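Take a look at the letters that make up each chain.
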Amino acid sequence: MSYLSLASPLGPLTVFEDDGAVVAVEFGRAPGGEETPLLEEACRQLDAYFDGRLRDFSLPLAAAGSAFQRSVWAAIASIPYGETRTYGDLATRLGSAARAIGGACARNPIPIIIPCHRVVGTGSRLTGYSGGEGIDTKRVLLALEVAHVP
């Protein structure tokens, strides 16, 4: 598995590639790393996202998870830039429970690119985020997107 770290407004991030697809984004810097065309493109797209120049990622993704988790991640990926949906909205859409949606969000291996930060609690409450500094990181990502919506 290849990986490459980059600096971001959230601190260092490391992007992992396996078999020609992005499989993970982790908060923190991994020692070493290997530049591949896909990892370089992923880093370019993440930089553009943080600069407000990119709203939709176009990278091959291979998030490992159960069929249910993958269905939740696909639903999350369809939430437009600068918008949010509640756990309940996604639960209704997928015929599930809000708590199960939250569990799938917490296990998202490709945060930011699969934008689980766009899923909020009822009344737009920020109820959790598994990456970086938790809710503070979620707040930063949501504010970044709102700041770049015309």
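These figures come from a predicted structure and were not determined experimentally.

## Some words on the nonpolar core
Burial of nonpolar side chains together is a common tendency in soluble globular proteins.
Point 1. Counting 39 residues, the largest nonpolar core has Val15, Leu46, Tyr49, Phe50, Phe57, Ile76 and Ile112 as its most contacted members.
Point 2. Mapped by element, the contributors of at least two residues to this core are strand S1 (2–6), strand S2 (13–18), strand S3 (21–27), helix H1 (37–50), helix H2 (67–77), helix H3 (87–94), helix H4 (98–106) and helix H5 (135–147).
Point 3. A per-element tally of this core places H1 first, with eight residues.
Point 4. For Ile112, the residues in contact, after removing those within four places along its chain, are Leu10, Leu13, Phe27, Leu46, Tyr49, Phe50, Phe57, His117, Tyr129 and Leu141.

## Re the pairing of S1
Point 1. Of all five residues in S1, four are buried; the element is thus mostly enclosed.
Point 2. Inspection of the sheet shows S1 paired to S2 by five bridges, in the antiparallel sense. Looking across to S2, one finds that Tyr3 is bridged to Phe16.
Point 3. Taking the residues between adjacent antiparallel strands as the criterion, S1 and S2 are bridged by six residues, where Gly11 takes a positive phi near 105°.

## Remarks on the side chain of Glu17
Point 1. Checked against the element boundaries, Glu17 lands in strand S2.
Point 2. Side chain to side chain, Glu17 and Thr36 meet in a polar contact 2.4 Å long.
Point 3. Glu17 has contacts with Met1, Ser2, Val22, Val23, Thr36, Leu38 and Leu39, leaving out every residue within four places of it along the chain.

About the thresholds
Residues numbered from 1 in each chain as written. Predicted model: local features only at pLDDT ≥ 70, side-chain atom pairs only at ≥ 80, totals over all residues. Heavy atoms only, no water. Core = buried A, V, L, I, M, F, W, Y, C linked by side-chain atoms within 4.5 Å. Buried < 20%, exposed > 50% of the residue type's maximum accessible area, 1.4 Å probe, protein only. Helix = DSSP H or I, 4+ residues; strand = E, 2+ residues; numbered from the N terminus. Contact = heavy atoms within 4.5 Å. Pairing = 2+ DSSP bridges. Polar contact = N/O pair within 3.5 Å; in protein donor to acceptor, adjacent residues only side chain to side chain.

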